[in-house]
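Residues per chain, in single letters:
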Amino acid sequence: MAKRATVADRPRTPRWLRPTIVGVLLAVAFYQMSGWLFHNLKGFLGLLFLAWLFSITIEPIVDRLERFGMRRGAGTGLVLFSLIALTIGFFAVFGTLLFDQIAQLLTTLPDALTRLTDWANRTFDTNFKTGDELLKITPDTLRDLAQRFTPGVLGVLSTLVGALFQILTLLLFVFYMSAEGPQMRRTIASWFPARQQQLIANVWETSVEKAGGYVVSRLILAAASSIFTGIFFLIIGVPYWLPLAIWTGVVSQFIPTIGTYLAIGLPALIAAVQQPLDGVWVIAFGTIYQQVENYVLHPRITARTVSIHPAVAFGSVIVGATLFGPVGALVSVPVVAILQALVESFGHRYELIPEVGGEEPDPDSPDLTADSDDYD
C-alpha cells in the first residue's frame, strides 16, 4: 500500500516568492496611479511650472527693489501691477486697431489664398484647387456647422470665466513664488545635509539665471522685432501691419528653427496679394533683419544665456507639446536651457586625443591608447 504524502514531504514555497509578488503588484499599482495622476494633473503641473518660470523672470527686478529697501512682497506686487498696467495700456491704445485688423485679416485671408493659387496656376501651368473650391460652403454645411459649434458659442461665458480663473491662479502662484523665493530656497536646502546645501544653492542659482535670462532675452528680441517690422510695414503700406508685426516678432523668437520662415511667410503673402513688389520687399527686409539680429542684437542680449542647438530646441518643443500641450511647448526650451547649464556647470570634459580631435599625432608624445602595462 502506497504511503500518503505528508505536509513535510510537500515542496516548500521559496521565501523570496511572496515578497517578490507583493513588490511587483505594488510597482504596477504605483505605475498606474502615477500615470493617472499625470494625465489628470498635467494641466495644473504645466501651469505651476509656467508660474515658476514667470517668477524667476521677474526675480532680478524684485531683488533690486529689495536692495533699495522695499519689502519683497511689495516689490513683487509692484512689478506685477506694472506689467498688468502696461498690458492694459497697450490694449487701450492699440486694442481697437489690433482687433479690427485681425478681423479684416481673417476675412481677407481666403481671398488672398485664392489669388495666390490662381497666380501659381497661371505662372507654372498647374491645376491646384482655389479657395472657393476648397471651401464649398452650402446650406447643409452651414447647418452642420451650426449644430456642431452652437454649444461652444453658448458656453463662451463659462470659457471666459475659466480663462480668467486660470490667469488669476497663475498670478497668485507667481506672487508667492517670487515673494517667498529666498524662504523657498532655504526650505528646500534644509532637507539636505550641510555638504549638499551649497550644491542645491548653485543649482537653484544656475536655473534662475539661465531660464530667466532666456525668457527675458526672447521677450526683448520679440519686442524689437515687432517694433522694427511694424514700422517697416507701415512705411511701405502693408495692410494689417499691427497684427502681422506682432505675429512676426512672437513666432520668430518662440518657435525654434522654422519660426523665422513661418513669421515672414504670412506677411509676405498678404503684401504680395495687394502688390507683388511689396511681397519681395517684405522678404528682403526679413532676411536683412534676421542677419542684423543674429550678428548684432542676439549676441548682446543673450550673452548670459545658454546657446541651444536648433535641433535640440525644436525637438524639445515637440516633446513639451506632446506631454503638456501649448504650455509644454512654451516652457520646453527654458527647461532644456536649465539642463544644459547644469550639465556644463557640474559635468566634466576630458581633453581629446589627437586621433579623435582631428590633429596629427605627435611622434614624441606617449601613446594614450596603449595599455598601462607598457609603461611599467
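What counts as what
- Residues numbered from 1 in each chain as written.
- Predicted model: local features only at pLDDT ≥ 70, side-chain atom pairs only at ≥ 80, totals over all residues.
- Heavy atoms only, no water.
- UniProt positions renumbered as here; feature names shortened; annotations may be inferred.
- Helix = DSSP H or I, 4+ residues; strand = E, 2+ residues; numbered from the N terminus.
- Expected span 1.5 Å × (residues − 1).
- Phe/Tyr/Trp six-rings, centres within 6.5 Å; stacked < 30°, edge-to-face > 60°.
- Buried < 20%, exposed > 50% of the residue type's maximum accessible area, 1.4 Å probe, protein only.
- Contact = heavy atoms within 4.5 Å.

Quoted straight from UniProt, the Sequence similarities (unreviewed entry) entry for the chain says "Belongs to the autoinducer-2 exporter (AI-2E) (TC 2.A.86) family." Quoted verbatim from the Subcellular location (unreviewed entry) heading of the UniProt record, the comment on the chain is "Cell membrane".

**Topic: unusual backbone geometry**
Located in the positive-phi region is Tyr-240, a residue other than glycine, with phi close to 60°. Mapped onto the elements, Tyr-240 comes out in the loop between α7 (194-236) and α8 (241-254).

**Side note on the UniProt feature "transmembrane region" (unreviewed entry) in the chain**
Here, the residues flagged by UniProt with the feature "transmembrane region" (unreviewed entry) are residues 21-38, 44-62, 74-99, 152-176, 219-242, 254-273, 280-297 and 317-343. Span residues 280-297 is 100% helix and 0% strand, its end C-alpha atoms 24 Å apart.

**A few points about α7**
Given a rise of 1.5 Å per residue, 43 residues ought to cover 63 Å, and the 64 Å separating the end C-alpha atoms of α7 matches this to within 8%. Gly-237 lies just past α7 and shows a positive phi near 85°.

**Side note on the packing of aromatic side chains**
According to the stated counting rule, one finds 10 aromatic pairs in the structure shown. Considering the side-chain rings of Phe-49 and Trp-52, the 5.4 Å spacing of their centres and the 45° angle between planes classify their relative orientation as tilted. Of the two residues, Phe-49 and Trp-52 both sit in helix α1 (residues 17-67), three residues apart, roughly one turn of that helix. Among the residues examined, Trp-52 registers a relative accessible area of 15% and is labelled buried. The interplanar angle of 40° and the centroid separation of 5.4 Å between the aromatic rings of Phe-90 and Phe-94 together place this pair among those described as tilted. Pair noted here: Phe-90 and Phe-94 are both in helix α2 (residues 72-124), with a separation of four residues, about one helical turn. Among the residues examined, Phe-90 registers a relative accessible area of 30% and is labelled partly exposed. Ring pairs connect the aromatic residues Phe-228, Phe-232, Phe-233, Phe-285 and Tyr-289, which therefore count as one cluster.

**Some remarks on the environment of Phe-54**
Its place among the elements puts Phe-54 in helix α1. C-alpha of Phe-54 to C-alpha of Ala-211: the two residues are 157 residues apart in sequence and 9.6 Å apart in space. Setting aside residues no more than four positions away along its own chain, Phe-54 makes contact with Leu-80, Leu-83 and Val-174.

**Looking at α2**
For α2, built from 53 residues, the straight-helix expectation of 78 Å at 1.5 Å per residue is missed by more than 12%, its first-to-last C-alpha distance being only 64 Å. Following α2 by one or two positions, Asp-125 adopts a phi angle in the positive range, close to 55°.

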